[in-house]
Amino acid sequence: MDNIILIGMPGSGKSTVGVVLAKALGLGFVDVDLLIQEREGALLQELIDSRGVERFLDLERDAVCSLRCRGTVVAPGGSCVCREESIAHMRALGTVVYLELPLEDVAGRIHNMASRGIALSPGQTLAGAYQYRAPLYGRCAHITVPIRGQSLAETVEAVKKALARYDNRRF
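In this text, all values refer to a predicted model and were calculated from it rather than measured experimentally.

> Run through the overall build of the protein chain, naming residues and quoting values.
The helix and strand inventory of the protein chain stands at 8 helices and 5 strands. Its helices and strands in sequence order give the protein chain the pattern β-α-β-α-α-α-β-α-β-α-α-β-α, from N to C terminus. In terms of overall dimensions, the protein chain has a C-alpha envelope of 45 × 35 × 25 Å along the principal axes. Here the protein chain holds 171 residues, and the buried ones make up 52% of them. Expressed as a percentage of contacts within the protein chain between residues at least 6 apart in sequence, the contacts between residues at least 24 apart total 74%. Summed over its atoms, the accessible surface of the protein chain is roughly 8,000 Å², and 51% of this surface lies on carbon and sulfur atoms. Averaged over its 20 positive side-chain charges, the protein chain has a centre that lies 6 Å from the centre of its 19 negative ones.

Dropping the structure here:
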């Protein structure tokens, strides 16, 4: 397994950590949210608003399942675990790392809920999404890295150490 897939709630730092981790390990980087936006020619929030959450989750699944990469850090969207096909593909693609952050911290990091492109069903709150997704992240992940109260550099180091413990042949 030569890819690293970072999963977690919106605001957990998947993209930011992913870029820095990729540089530190000499790997490529793919942001699945950007891939979806490029393919569809629209922002994530526009896609959710115009097509609905279920169709957006299908677009995300299709983007995740289309990944055929090596030597890459992948940052899928926070809702990537909402489709079984995505979970299976990510686990087959590489080492899945769950950036675990408590709900209070997630909520404190997200300041643009209305425009961020977070896949919430009608009436669903961030807390509801967290409650639904947290067990799915745990089931999908090969490794869980708690990141509460850490700086970007500390999080990257924690992920590198967890990867080394998990697979000392590669990292």
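That covers the picture; the talk isn't over yet.
> Could you give an account of the pattern of salt bridges, with specific residues and numbers?
Within this structure, the stated rule accounts for 10 salt bridges. For Lys 160, the salt bridge is made with Glu 157, and the minimal N-O distance between the two is 3.2 Å. Here the residue Lys 160 and the residue Glu 157 both occupy positions in helix 8 (residues 152–166), the gap between them amounting to 3 residues, near one helical turn. Residue Lys 160 is classed as partly exposed on the basis of its relative accessible area of 26%. A network of salt bridges, in which partner residues are shared, links Glu 54, Asp 58, Arg 61, Asp 62 and Arg 83.

> How would you summarise the sheet that holds strand 4 (residues 95–100) if you had to cite specific residues and measurements?
Taken together, the 5 strands give an open sheet; going across it, the order is 2-3-1-4-5, and neighbouring strands pair in parallel fashion. Because the sheet does not close on itself, it has two edges, and the strands there are strand 2 (28–31) and strand 5 (143–146). Neighbour-to-neighbour, the strand axes of the sheet open up by a mean angle of 20°, direction not taken into account. Relative to strand 3 (residues 72–75), strand 1 (residues 4–7) runs parallel, the two being bridged by 2 bridges. Bridging from a neighbouring strand, Ile 4 pairs with Val 73 of strand 3. Docked against the sheet, helix 7 (residues 126–140) engages strand 1 and strand 4, running at close to 145° with respect to strand 4.

Basis of the calculations
- All residue numbers refer to positions counted from 1 along the written sequence of the respective chain.
- Restriction of local features to residues with pLDDT of at least 70 applies here, the model being predicted, together with a cutoff of 80 or more for giving and counting side-chain atom pairs; totals for whole chains, interfaces and linings are based on all residues.
- Remark: hydrogens and water are excluded; side-chain values derive from all non-hydrogen atoms of the structure.
- Where helices and strands are cited, they refer to DSSP runs of H or I of at least four residues and of E of at least two residues respectively, numbered from the N terminus.
- Summary of the burial criterion: residues with accessible area below 20% of their type's maximum are buried, those above 50% are exposed, and those between are partly exposed, where the area comes from a 1.4 Å probe applied to protein chains only.
- Note on contacts: a residue pair qualifies if any of its non-hydrogen atoms lie within 4.5 Å across the two residues.
- With residues, only the protein chains shown are counted as cover, and all accessible areas are computed by Shrake-Rupley using a 1.4 Å probe.
- The sign given to each residue is positive for Lys and Arg and negative for Asp and Glu; His and the chain ends receive no count.
- Charge placement uses NZ in Lys and CZ in Arg. For Asp and Glu, CG and CD serve respectively.
- Basic side-chain nitrogens of Lys or Arg form a salt bridge, by our definition, when they fall within 4 Å of a carboxyl oxygen of Asp or Glu.
- For two strands to be treated as a pair, DSSP must find no fewer than two bridges joining them.
- In this description, a line fitted to the C-alpha atoms serves as the axis of each element, helices being fitted only across the stretch in contact, and the angle between N-to-C directions of two axes falls anywhere from 0 to 180 degrees.

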